[in-house]
Amino acid sequence: MRRLPTGIDVLDRTLSGGIPVGSVVVLSAAPASQSELLLSELTAPRETLYLTTERSAAAVREAFERTTAPTGAPEVAPVPAEAPLDGADRLIEGLSWESTLIVDPTDPLERCERARYRRFMNDLRAAMVDAESVAVLHCLLGANPPVGRDVTEYMADVVFSLETRIIGDSIENRLAVPKFRGGCALSETIKLELGDRVRVDTSRDIA
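Residues numbered from 1 in each chain as written. Predicted model: local features only at pLDDT ≥ 70, side-chain atom pairs only at ≥ 80, totals over all residues. Heavy atoms only, no water.

## Observations concerning helix α3 (residues 57–66)
Right, so step 1: Within the span of α3, buried status applies to Ala 57, Val 60 and Phe 64. Each buried residue of α3 sits inside an arc of 65 degrees when the element is viewed along its axis, so together they form one side. Opposite the buried face of α3, at more than 90 degrees from it, the exposed residues are Glu 65 and Arg 66.
Right, so step 2: Against α2 (35–42), β4 (48–52) and β5 (75–78) lie the buried residues of α3. (Buried < 20%, exposed > 50% of the residue type's maximum accessible area, 1.4 Å probe, protein only. Helix = DSSP H or I, 4+ residues; strand = E, 2+ residues; numbered from the N terminus. Arc of directions from axis to C-beta. Contact = heavy atoms within 4.5 Å.)

Okay, structure coming up:
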């Protein structure tokens, strides 16, 4: 199956070249993590439509201007707070061929009525297949996950799970890929250094 590179070298090497076309990907992470750095670098390889559900479009564009990480120049569009699924559907209709769609975060959509959200996820998957594109859904890990989170994770083709821990005076980031349709899920986590850009953390673990 043809794959699209993520733009993050360590991921592309680990995933045999990238993500299968037509895939819906979940990136789950804590709100206080550096997961936005991963999202930023995912815009580098190709045209990207970046749907923001919480921050303003201006705030997202400003964040891209400030970052020193390698990124693309995504089209940023806000998802309306009222009827967010209908708004997201309309925005996705204009998705370009072989592009990347990012929804950041997905939580407001997951709080919608369950049957309607399930229909949205099915339509999203069909849109990715038709456009030979990849969707990345940024899901925040909090104390009260949205009611639709299990639908998101079940219907997604790939799940990236970023765990951030503070150990003493250092911060450790580990990325797991527990689910990968069309490929092999990773048996081990990837230790990342999330600073000015995404790098492999080559420091040795201390038992």
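That covers the picture; the talk isn't over yet.
## As for the nonpolar core
Right, so step 1: Val 136, Phe 160 and Leu 192 are the most contacted members of the largest nonpolar core, which totals 32 residues.
Right, so step 2: Ranked by the residues each element gives to this core, the list is headed by α2, at 4 residues.
Right, so step 3: If sequence neighbours within four positions are ignored, Val 136 has contacts with Val 25, Leu 27, Leu 39, Leu 42, Leu 101, Ile 102 and Val 103.
Right, so step 4: Within the second largest apolar cluster, 23 residues are counted, among which are Ala 77, Val 79, Ala 88 and Leu 95. (Core = buried A, V, L, I, M, F, W, Y, C linked by side-chain atoms within 4.5 Å.)

## Examining the packing of helix α4 (residues 84–92) against helix α6 (residues 114–131)
Right, so step 1: Relative orientation of the contacting elements α4 and α6 amounts to 10 degrees, with a least axis distance of 11 Å. Comparing their axes, α6 and α4 come out roughly parallel. In this structure, α4 uses Leu 85, Asp 86, Ala 88, Asp 89 and Ile 92 to contact α6, whose residues at the interface are Arg 116, Tyr 117, Phe 120, Leu 124, Ala 127 and Met 128.
Right, so step 2: Taken together, the residues of the contact of α4 with α6 sort by class into 8 nonpolar, no polar and 3 charged. (Axes fitted to C-alpha atoms, helices over the stretch in contact; angles between N-to-C directions. Parallel < 35°, antiparallel > 145°, perpendicular 65-115°, else oblique. Nonpolar A, V, L, I, M, F, W, Y, C, P; charged D, E, K, R; others polar.)

## Focus: the environment of Glu 54
Right, so step 1: Mapped onto the fold, Glu 54 is located in the loop between β4 and α3.
Right, so step 2: When the C-alpha atoms of Glu 54 and Asp 107 are compared, they prove to be 9.2 Å apart, with 53 residues separating the residues in sequence.
Right, so step 3: Apart from the residues within four sequence positions on either side, Glu 54 is in contact with Asp 104, Pro 105, Pro 108 and Arg 111.

## Points about the packing of aromatic side chains
To describe a pair of aromatic rings, you give the distance between the ring centres and the angle between the ring planes.
Right, so step 1: Here the structure, examined in full by the defined rule, presents 2 aromatic pairs.
Right, so step 2: Plain terms: the ring middles of Tyr 50 and Phe 64 are 5.6 Å apart, the flat faces sit at 90 degrees to each other, and that makes the pair edge-to-face. Placement of Tyr 50 in strand β4 and of Phe 64 in helix α3 is noted, with a sequence separation of 14 residues between them. Each member of the pair, Tyr 50 as well as Phe 64, is classed as buried.
Right, so step 3: Considering the side-chain rings of Tyr 117 and Phe 120, the 6.1 Å spacing of their centres and the 20 degrees angle between planes classify their relative orientation as stacked. Note that Tyr 117 and Phe 120 are positioned in helix α6 at a spacing of 3 residues, about one turn of the helix. (Phe/Tyr/Trp six-rings, centres within 6.5 Å; stacked < 30°, edge-to-face > 60°.)

## Topic: the side chain of Arg 46
Right, so step 1: Of note, Arg 46 is situated in the loop between α2 and β4.
Right, so step 2: Although Arg 46 is buried, it makes no salt bridge; Glu 98 carries the closest opposite charge, 6.6 Å away.
Right, so step 3: What Arg 46 contacts, discounting residues up to four positions off in sequence, is Leu 4, Pro 5, Glu 98, Ser 99 and Thr 100. (Lys, Arg positive; Asp, Glu negative; His and termini not counted. Salt bridge = Lys/Arg side-chain N within 4 Å of Asp/Glu carboxyl O.)

## Quick notes on the pairing of strand β9 (residues 170–180)
Right, so step 1: Pairing of strand β8 (residues 158–167) with β9 involves 9 bridges; the strand directions are antiparallel. If you follow Ser 161 over to β9, its bridge partner there is Ala 176.
Right, so step 2: In this structure, the hairpin formed by β8 and β9 is closed by a connection of 2 residues, where Gly 168 is found at a positive phi of approximately 65 degrees.
Right, so step 3: Examined bridge by bridge, β9 and strand β10 (residues 190–194) share 3 bridges and lie antiparallel to one another. Each bridged residue has a counterpart across the sheet, and for Leu 175 the counterpart in β10 is Ile 190. (Pairing = 2+ DSSP bridges.)

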